[in-house]
Amino acid sequence: MKTPLSATAENERPRVKTSLPGPHSAALFARHDPHLTSSNADHSVYPLAEVGKRGYLIEDADGNTFADHMSAWGAAPFGPTPPHVKAAMERAWDRHGMQISGWLPNTPALALVEKLAQIAPPRLTRVEYSVSGTLAVEGAVKFMREATRRPLIITFGGQYHGESTYMAAGASSDLSNVATGRTQYVSGVVMVPYPNRFRSPFRKGPGPFDETEVLDYLDYLLVQQVHPGQVAGVLIEPVLGEGGIHAPSQVFWDRLGALCKRWGWLLCLDEVQTCMGRCGTLFALQRWQGIDPDLLLLGKAFAAGGQPIAAILGTDAIMGHTDLHLGSTYGFAPAACAGALAGIELIEAGGVLENALALERIFLEELRPLRDEIDQVGDVRAVGALAAVEFVQDKATLRPAPAFQLAVHHAALRLGVLGITQRGKWHFRLQPALTMPEALFRHSCRLLAQAIREVARAVPAERADIQQAVAEAER
Ligand SMILES: Cc1ncc(COP(=O)(O)O)c(C=O)c1O
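Residues numbered from 1 in each chain as written. Predicted model: local features only at pLDDT ≥ 70, side-chain atom pairs only at ≥ 80, totals over all residues. Heavy atoms only, no water.

Undergrad: Tell me about the overall build of the chain, and name the residues and values.
TA: When you go through the chain residue by residue, the secondary structure sums to 15 helices and 14 strands. Expected size for 475 residues packed as a compact globule is a radius of gyration near 23 Å; at 22 Å, the chain falls within 12% of this value. Its C-alpha atoms put the chain at 60 × 60 × 45 Å along the principal axes. Buried positions account for 56% of the 475 residues belonging to the chain. Summarising the internal contacts of the chain: among those between residues at least 6 apart in sequence, 73% fall at separations of at least 24. Surface exposure of the chain reaches about 20000 Å², of which carbon and sulfur atoms provide 53%. Counting 44 positive and 49 negative side-chain charges, the chain places the centres of these two groups 1 Å from one another. (Helix = DSSP H or I, 4+ residues; strand = E, 2+ residues; numbered from the N terminus. Rg over C-alpha atoms; globule rule 2.2 N^0.38 Å. Buried < 20%, exposed > 50% of the residue type's maximum accessible area, 1.4 Å probe, protein only. Contact = heavy atoms within 4.5 Å. Areas by Shrake-Rupley, 256 points an atom, 1.4 Å probe, with all protein chains shown as cover. Lys, Arg positive; Asp, Glu negative; His and termini not counted. Charge placed at Lys NZ, Arg CZ, Asp CG, Glu CD.)

See below:
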C-alpha cells in the first residue's frame, strides 16, 4: 500500500490564462443555469466549471488550473481518491452491491465498526451508522436526550452542523438562518458564543481576550435562565470550522469538562470537519490533554474521498442499552465502509498527519508576517490543514471586512488559488488535501499573500448596510 503523498505531479503549478469565467465555462453556465436554482446558478463567487482534476489541481473548461484548497469542503482528504481506497470500494461493490447495513449486517460494515472501536477514545466503544454530517448531529441530539431524559442542548455560536431544519435553525449561526428569518427559532437549544481570543462578544477593541469568559457567561445563564439539571449535553466543534478556525485553550477544555462532570452533561464533539487527520492528529481532540467525550461525530474526511458516510461514536452507557435506531438507507453502505477503512489504513501507514502539521507551519510562516504589514489582516490562524485569514477594516476597532475578504478570494482565484469563501464572511480559508505536497502549498500561500497585497492597494468599500449595523452595535 502506498500513501498518496507521492501519487501526483509535484512540480505542476496552477495557471489561469483566461478571464473568469472563461468562454467555455460561460457557455456551460448559459446552457445549464436555467435548470438550476438561482442560488446554484450564481457563479459570481466561483466563476469556473470543473472538467476534471489533475493531482491537486482542478482544471476548468477553459484549461485553467487552480490549486485545490477546498478539497470538496474536506471530503477529499487525499486529493484525488487514492487507488487503495478505490480498489477497496470496488471489491465491496462487486461482492455486496448496495446494502442497508442498519438492517442487514455485512462484513465491510462490521470490519469498519471494529476498526473504529480500536482507534476511538477509550470510552467510545459503540458505533451508530450514518450517511452525512447533518444526520450524525441530529442523531447525536436524540441520543443525548434519550440517555439523560433531559431536553436542552448547549451549543456555541458560529458553529455549523448542517442544513436540516432543526440544526440550521437551532444550532448554526453560519448562514444566519435564524437572523434572516428563513427558519424559525427552535426550542431546546441554548447558544453561547464560541470561545474566541481574537474577537470578544463582551469587549471592544483589540485583544487577545480571555476566551473562557464565555463559560462565565454560561455560568450566568445557569443561574438566570437555564436549570443545569435540564441540560442533556454540550454540542461543540473542537476547532470551529465554518466560523473561522478557532481552537480553544486547554483551560477552556478543562473548565468545560469540569462543568459537564458537575452537572451530568454529556459532551458531544462534532468532528465532522476536524476528524481523520484534518488537524494533524487523527481526531482534533488529541491536540489537547484530557478531553473525554461521550459522543464523537465523524463525516467528510472519514469517507476518504469515496462514498458518503458518517458515524456517531458513543459510550456503552449511551448506546449499549437503548432501542433507539436511526434508520438510514445509505448509512454505512458496504462500499462506503470499505473506502473509509482503506482511508484509515492510509493514515496509519504514516506520513499523512505529519504532512498536515507541516502545512500548518507553512501557512503560519508565510501569512503571519502580513499581520504587521497590512492593516486589514486582523488574524492568521491554522490548525493542521485548516487555515484562515481574518480581515478587518482596521486593527483598532476590528470591524469586519467581508468585501475585502471576497476581493482577496477573487484575486487569489485569478492567480490559481481556489480556497473557501462565503459572501458576508470576513475570513478566507484554505482547506487543502492533507497530503498536498509542501512545495505546492507554500507556493499557494505566497500567491495568497500576493493577492492580499494587491487588494490592500485599492481597498474595496464595505457594504453600507453592514457598516450601519456595526455602527449601531458600537453605539
Ligand atoms: C462541523 C460540521 N458538522 C456538520 C456538518 C454537516 O455535514 P454534511 O454536509 O455532511 O451534512 C458540517 C459541514 O460542513 C460541519 O462542518
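Undergrad: Give a description of the sheet that holds strand 12 (residues 386-391) that names residues and reports values.
TA: Taken together, the 3 strands give an open sheet; going across it, the order is 11-12-14, and neighbouring strands pair in antiparallel fashion. Single-partner strands in this sheet number two, and they are strand 11 (377-383) and strand 14 (427-430). Taken over all neighbouring pairs, the strand axes of this sheet differ in orientation by 15 degrees on average, direction set aside. Pairing of strand 12 with strand 14, which is carried by 4 bridges, proceeds in the antiparallel orientation. Across the sheet, Ala 388 pairs through a bridge with Arg 429, a residue of strand 14. (Pairing = 2+ DSSP bridges. Axes fitted to C-alpha atoms, helices over the stretch in contact; angles between N-to-C directions.)

Undergrad: Before we move on, could you go through the nonpolar core and cite the residues and values that matter?
TA: Membership of the largest hydrophobic core comes to 111 residues, with the highest contact counts inside it found for Leu 116, Met 276, Phe 302, Phe 332, Phe 363 and Ile 452. When residues of this core are assigned to domains, at least three fall in each of domain 1 (4-80 + 351-467) and domain 2 (83-348). If you look at the next biggest cluster of nonpolar residues, it comprises 23 residues, including Val 141, Val 186, Leu 297 and Ile 318. (Core = buried A, V, L, I, M, F, W, Y, C linked by side-chain atoms within 4.5 Å. Domains from an automatic or database assignment.)

Undergrad: So what about the site of the ligand? Which residues, and what values?
TA: As a matter of local geometry, the ligand sits amid Ser 132, Gly 133, Thr 134, Tyr 160, His 161, Gly 162, Glu 237, Asp 270, Val 272, Gln 273 and Lys 300. In the model, a nitrogen atom of the ligand is placed 2.7 Å from a nitrogen or oxygen of the Asp 270 side chain. Contact between the ligand and Lys 300: an oxygen atom at 3.0 Å from a side-chain N or O atom of the residue. Alone, the ligand offers 400 Å² of accessible surface; in the complex the protein occludes 84% of this. (Near = heavy atom within 4 Å. Polar contact = N/O pair within 3.5 Å; in protein donor to acceptor, adjacent residues only side chain to side chain.)

Undergrad: Tell me what's going on with the side chain of Lys 425, and back it up with residues and numbers.
TA: On the secondary structure map, Lys 425 appears in the loop between strand 13 (417-418) and strand 14. At 2.9 Å, the side chain of Lys 425 and the backbone oxygen of Glu 242 are in polar contact.

Undergrad: Kindly report on the pattern of salt bridges, identifying the contributing residues and their values.
TA: A complete count under the given rule lists 23 salt bridges for this structure. Across the salt bridge formed by Glu 12 and Arg 54, the nearest N and O atoms sit 2.4 Å from each other. Of this pair, Glu 12 sits in the segment before helix 1 (23-32) while Arg 54 is found in strand 1 (residues 50-54), placing the two residues 42 residues apart along the sequence. With a relative accessible area of 26%, Glu 12 lands in the partly exposed category. Of the charged contacts, one joins Glu 348 and Lys 115 as a salt bridge, the two residues approaching to 3.0 Å between their closest N and O atoms. Of the two residues, Glu 348 sits in helix 10 (residues 334-348) while Lys 115 sits in helix 3 (residues 107-119), which places them 233 residues apart along the sequence. A residue is classified by how much of its surface remains accessible, and Glu 348, at 46% relative accessible area, is partly exposed. (Salt bridge = Lys/Arg side-chain N within 4 Å of Asp/Glu carboxyl O.)

Undergrad: Which residues make up the domain arrangement of the chain, and what values do they have?
TA: The domain boundaries assigned to the chain delineate domain 1 (4-80 + 351-467) and domain 2 (83-348). The centre of domain 1, based on its C-alpha atoms, is set 26 Å off from the matching centre of domain 2. Between domain 1 and domain 2, the residue contacts involve 38 residues of the former and 31 residues of the latter. Interface area for domain 1 against domain 2, summed over the two sides, is near 2700 Å², with a carbon-plus-sulfur share of 60%. (Buried area = accessible area lost by both parts, 1.4 Å probe.)

Undergrad: Please set out the sheet that holds strand 2 (residues 57-60) residue by residue, giving values where relevant.
TA: Across the sheet, 4 strands lie side by side as 1-2-3-13; this open sheet has mixed pairing. Edge strands, defined here as strands with exactly one partner in the open sheet, are strand 1 and strand 13. As paired strands, strand 3 (residues 65-68) and strand 13 are joined by 2 bridges and run parallel to one another. Considered in strand 13, the bridge of Asp 68 is made with Leu 418.

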